[in-house]
Amino acid sequence: MANIILIIDKKNDFYKRFLDYFKKDKKKLILLAFPEKEEKGEYWHFLFSLGEKLQKEKISFSIGLEEGSLFSLLDLVKTISCEIVILPKSKFLLLGEEYDDFLKELNCPLLIY
Amino acid sequence: MDEYNQIFKKEFIFLDLEFQNQDELFSFVEKLLKEKGYVKEEAVSLLLKEREIIGSTGVGHGIALPHLFLKTLSFPLVLFFRLKRPLEWEAIDKKPVKVVVFIFSPENEQEFYLKLLCYIADLLHQEEILSSLLKAKSKEEVFQYLVFQKKISIIKRYQNVFIYFLSLFLIFIFSKLLFQNIKIPDSPFNSYLWIRKEYIATTLFFSMVLGTLLFFPYRVAFGGIALTLLLLTGVTDIESTVKFMAIPTILFIIMVMIMVKWLSEKGLFKYLVIKAIRHFGNSPLLLFASLMFFSSILGGFIDEVSAILITVGIAIEIVRLTKGNIIPYLIGLVMATNIGSALTLIGNPIGIYLAFAAKFTFLDFLKNATWLSFLSLILTIFFILLIYRKDIGLKTKIPEKLEEEIDKKELKVSLIVFLTFIILIINHSFIEQLLKVEERTMLLGAGFLIVGFILFYEKEYSRFFVERGPDWWTILYFMFLFANAACLEYTGVTEKIAYLLGEGAKRIPFFRVDLKETFGNLTILLWGSGILSGFVDNLPIVAALVPVVKSLVAKGIPDGHLLYWSLLIGGCFGGNLTMIGSTANLCAIGLYERTFRKRFKFSDWLKAGIIITFLTLLFANILFLIRILK
């Protein structure tokens with residue numbers, strides 16, 4: 001089963017559209033968050049609550065919380081077979097050398113919301 | 001915390017049990033819950049399996065959190081397992097799982113169940129706590145970590161804030177007492193007005209240095225705030241602040257950064273290192289030594305950060321091929337680069353700063369720093385090989401593909417440009433005399449000229465090099481730093497420190513009374529800047545000490561100019577003491593952690609760091625002594 005990596009940003013509820021879209025497909029969703037240190041507890045709560053809803057709808061999913069830069073995400077994308085990465089524009093600095101390297105090394109399509 | 005105290009039970013902590021697979025673990029849990037009478041008919045094992053089919057509960061980093069609602073439960077239950085043999089769990093990062101925490105809850109406790117899940121997930125996600133749980137020797141220890149450690153971690157989170165404000169308070173009190181009690185004969189800085197400015201400037205300078213040390217990502221913010229407070233307290237004014245920012249030095253650094261980015265994109269440095277290593281690297285030890293040597297030379301002619309990024313990149317390729325250990329390469333290359341950065345005027349920002357502050361030419365560097373740095377490099381290579389001789393990888397050669405990636409035509413152009421720049425820099429003093437222009441004009445002129453050519457050559461792509469070449473974040477930090485440091489000179493802090501230093505140097509025993517002051521000051525500055533540079537970035541140290549040296553030189557001590565060189569050598573060599581000693585160290589470690597996804601330990605560095613720093617500083621001190629006696 002192909003994996004869809006969806007990075008969640010609580011402040012940008014555009015992710016709901018992707019969830020609705022992928023519900024129709026039999027894809028496995030990997031819901032990730034990259035919160036600030038002080039937001040970690042909130043994000044775990046958010047992800048587990050979301051997980052409970054998805055579980056009821058029998059949608060295949062996994063959740064996780066990561067720290068660090070775009071490179072932490074890149075490592076994860078390289079480790080798992082991934083069909084697409086969906087990234088909120090507010091979570092990372094999408095410019096500069098690090099972003100250039102991220103795009104160069106990413107081995108799947110990237111969707112920014 | 002009390003609510004969790006009731007949930008975690010020592011009887012449900014299991015350490016180092018072995019299971020063949022997930023199913024066996026789930027069956028064990030079901031049997032346990034039935035034996036204890038918590039569930040009767042529910043097929044817990046089956047429910048857990050179904051949950052894993054919907055999606056793995058492996059949350060990464062070797063942790064799994066299987067969680068379920070169980071109808072027959074009357075209160076939540078938590079079962080902690082530390083596995084002897086990690087199990088495959090289809091976790092998001094594909095890593096096998098070492099810690100499994102089962103969370104079961106009655107259906108009517110949904111809010112608390114979510115809260116509990118978050119508490120456990122957040123707790124286990126903290127690296128220090130996970131590592132402590134993995135090492136814990138008893139159930140009691142695990143219980144303590146699960147229930148109380150989070151509270152401790154909150155205190156730990158704010159310990160840097162506490163250290164920062166306490167240190168600043170102590171510095172404020174100490175500097176106030178110190179400057180009130182130092183009276184330099186016939187100095188205007190003895191008045192109350194200046195003493196007030198002195199302790200404010202000192203406290204604010206350290207607010208920036210400590211801010212950099214404790215909250216590195218916010219270093220520019222600390223610099224900006226310190227400068228604002230200097231202006232608002234009337235210690236300095238806008239016009240002086242702009243002057244203190246050392247704009248010519250900043251412009252030169254910007255020009256060098258643009259040029260280095262361009263040369264690096266063209267593959268010049270990679271090519272030079274590959275060629276050199278192909279020539280010298282017939283054995284693992286020679287390969288390692290030659291890589292260190294060329295990293296050092298690159299460090300002297302470009303900047304230490306670019307040099308380390310190029311050579312560590314090559315070392316990573318070598319280690320991947322040989323399956324060797326990267327640590328010796330990393331430490332050896334960084335140390336060689338730090339020492340090499342004192343080879344020339346352009347190797348290190350402190351070299352550029354000294355060139356402008358003390359009006360040194362490129363030839364002055366060749367006469368005073370290059371030979372000393374070169375001899376220290378040989379000593380460093382010898383000792384690094386001695387320390388790590390058993391850890392160097394197998395025999396290898398540089399992979400062909402590295403060379404194939406470089407465009408030969410572009411390479412020729414970049415080589416010509418680089419050589420032109422070096423020739424202009426070497427002869428800047430001669431050209432200035434010929435054209436009868438101000439000293440150091442050609443240093444800046446060479447930078448402007450080369451960057452001008454690059455911008456023409458790259459046409460519309462040139463914007464890329466201007467935007468991405470200079471590390472604008474660091475440039476802004478340098479401007480704030482220079483302005484903060486210059487305030488110490490402006491308010492007379494450095495003159496008073498120089499006075500104290502001069503008095504202290506007189507007490508150092510030395511057999512030649514006429515040279516006692518020179519040797520004493522030189523030794524204090526060399527070791528002081530060296531040791532401090534091991535813990536704080538070398539530029540603030542040197543920026544603060546240059547005015548002190550200026551005051552000492554103005555007093556007319558014999559061979560006073562050597563004090564500047566002792567600062568350069570101390571600042572560059574001292575960066576080897578710890579893994580945070582210089583920007584090159586941090587860049588190399590960042591590259592290592594990004595590539596290998598491992599954390600670099602402070603202790604990995606310390607053994608070689610202490611030996612090499614002590615030996616090179618001692619060696620430099622002896623060479624300076626010989627120079628003084630001559």
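Refer to the structure printed above.
Below, the structure is looked at part by part. Everything quoted here is computed from the prediction, not taken from an experiment.

Parameters and conventions
- Residues numbered from 1 in each chain as written.
- Chains lettered and ligands numbered in written order.
- Predicted model: local features only at pLDDT ≥ 70, side-chain atom pairs only at ≥ 80, totals over all residues.
- Helix = DSSP H or I, 4+ residues; strand = E, 2+ residues; numbered from the N terminus.
- Buried ≥ 20, exposed ≤ 12 C-beta atoms within 10 Å, placed from the backbone.
- Contact = placed C-beta atoms within 7 Å.
- Rg over C-alpha atoms; globule rule 2.2 N^0.38 Å.
- Nonpolar A, V, L, I, M, F, W, Y, C, P; charged D, E, K, R; others polar.
- Core = buried A, V, L, I, M, F, W, Y, C linked by C-beta atoms within 7 Å.
- Domains from an automatic or database assignment.
- Pairing = 2+ DSSP bridges.
- Axes fitted to C-alpha atoms, helices over the stretch in contact; angles between N-to-C directions.
- Right-handed = clockwise from strand over helix to strand, strands pointing away.
- Parallel < 35°, antiparallel > 145°, perpendicular 65-115°, else oblique.
- Left-handed = near helix turned anticlockwise from the far one by under 90°.

**Quick word on the overall build of chain B**
For chain B, the helix and strand inventory stands at 29 helices and 6 strands. For chain B, the C-alpha atoms occupy an extent of roughly 100 × 65 × 55 Å along the three principal directions. Within the span of chain B, comprising 630 residues, buried residues form 45% of the whole. Taking as baseline every contact in chain B between residues at least 6 positions apart, the subset at least 24 positions apart corresponds to 76%.

**Here we look at the overall build of chain A**
Helix and strand content of chain A: 4 helices and 5 strands. For chain A, the N- to C-terminal ordering of α and β elements is β-α-β-α-β-α-β-α-β. A globule of 113 residues ought to have a C-alpha radius of gyration of about 13 Å, and chain A, at 14 Å, matches this closely. Overall, chain A is about 40 × 35 × 25 Å in size when its C-alpha atoms are taken along their principal axes. Put simply, chain A has 113 residues, and 30% of those count as buried. Residue pairs in contact within chain A that sit at least 24 positions apart in sequence constitute 75% of those at least 6 positions apart.

**Brief notes about the interface of chain A and chain B**
Residue-level contacts link 22 residues of chain A with 17 residues of chain B. For the side of chain A that touches chain B, the secondary-structure elements that each account for two or more residues are strand 2 (28-33), helix 2 (40-56), strand 3 (61-65) and helix 3 (70-79) of chain A. Looking at the side of chain A that touches chain B residue by residue, the classes come out as 9 nonpolar, 8 polar and 5 charged.

**Considerations on the nonpolar core**
Nonpolar side chains in soluble globular proteins tend to end up buried together. Residue and element names in this part refer to chain B. Core analysis: the biggest nonpolar cluster contains 148 residues, and Met259, Leu333, Leu354, Phe482, Leu567, Leu568 and Ile569 have the highest contact counts within it. Of all the elements, helix 23 (residues 472-490) adds the most residues to this core, at 12 residues. Counting only domains with at least three residues in this core, you end up with domain 2 (162-235) and domain 3 (268-405 + 492-629). In this structure, Leu333 is in contact with Leu291, Met292, Ser295, Ile308, Thr311, Val312, Ala315 and Ala588, ignoring residues within four places of it in sequence.

**Details of the sheet that holds strand 4 (residues 82-87) of chain A**
Residues and elements named next belong to chain A. With respect to topology, 5 strands assemble into an open sheet ordered 3-2-1-4-5, the strand pairing being parallel. Lying at the two open borders of the sheet, with one neighbouring strand each, are strand 3 and strand 5 (110-112). The sheet shows a mean angle of 20 degrees between the axes of neighbouring strands, direction not considered. With 5 bridges connecting them, strand 1 (residues 3-7) and strand 2 associate as parallel partners.

**Let's talk about the pairing of strand 1 of chain A**
Residue and element names in this part refer to chain A. In terms of residue burial, strand 1 counts as a mostly covered element, since 5 of its 5 residues are buried. Following the backbone out of strand 1, through helix 1 (residues 15-24) and into the adjacent parallel strand 2, one traces a crossover that is right-handed. Inspection of the sheet shows strand 1 paired to strand 4 by 4 bridges, in the parallel sense. Considered in strand 4, the bridge of Ile4 is made with Ile84.

**Focus: the environment of Lys496 of chain B**
Following the sequence through the fold, Lys496 of chain B ends up in helix 24 (residues 493-506). Expressed as a C-alpha distance, the spacing of Lys496 of chain B and Lys459 of chain B, which sit 37 residues apart in the sequence, is 53 Å.

**Notes on the environment of Ile4 of chain A**
All names here are of chain A. Mapped onto the elements, Ile4 comes out in strand 1. C-beta crowding within 10 Å serves as the criterion here: with 23 such atoms nearby, Ile4 is assigned to the buried category. For the pair Ile4 and Glu83, spaced 79 residues apart in sequence, the C-alpha to C-alpha distance is 5.7 Å.

**What about unusual backbone geometry?**
Among all residues except glycine, the phi angle is most often negative; among peptide bonds, the trans geometry is most common. Residues and elements named next belong to chain B. The phi dihedral of Glu90 is positive, around 55 degrees, even though this residue is not glycine. Since 17 C-beta atoms lie within 10 Å of it, Glu90 is described here as partly exposed. Its identity as a non-glycine residue notwithstanding, Ala246 has a phi of 50 degrees, on the positive side. Relative to the helices and strands, Ala246 resides in the loop between helix 10 (238-244) and helix 11 (247-266). By the C-beta count within 10 Å, which is 22 here, Ala246 ends up buried.

**Description of the packing of helix 25 (residues 516-533) of chain B against helix 29 (residues 602-629) of chain B**
All names here are of chain B. Where helix 25 meets helix 29, the closest approach of the two axes is 11 Å, and the angle between their N-to-C directions is 160 degrees. By the angle between their directions, the pair helix 25 and helix 29 is classed as roughly antiparallel. Between helix 25 and helix 29 the crossing geometry is right-handed. Residues Thr518, Phe519, Leu522, Thr523, Leu526, Trp527 and Gly530 of helix 25 form the contact with helix 29, whose own contacting residues are Thr613, Leu617, Ala620, Asn621, Phe624, Leu625 and Ile628.

Taken by themselves, the reported measurements are silent on function.
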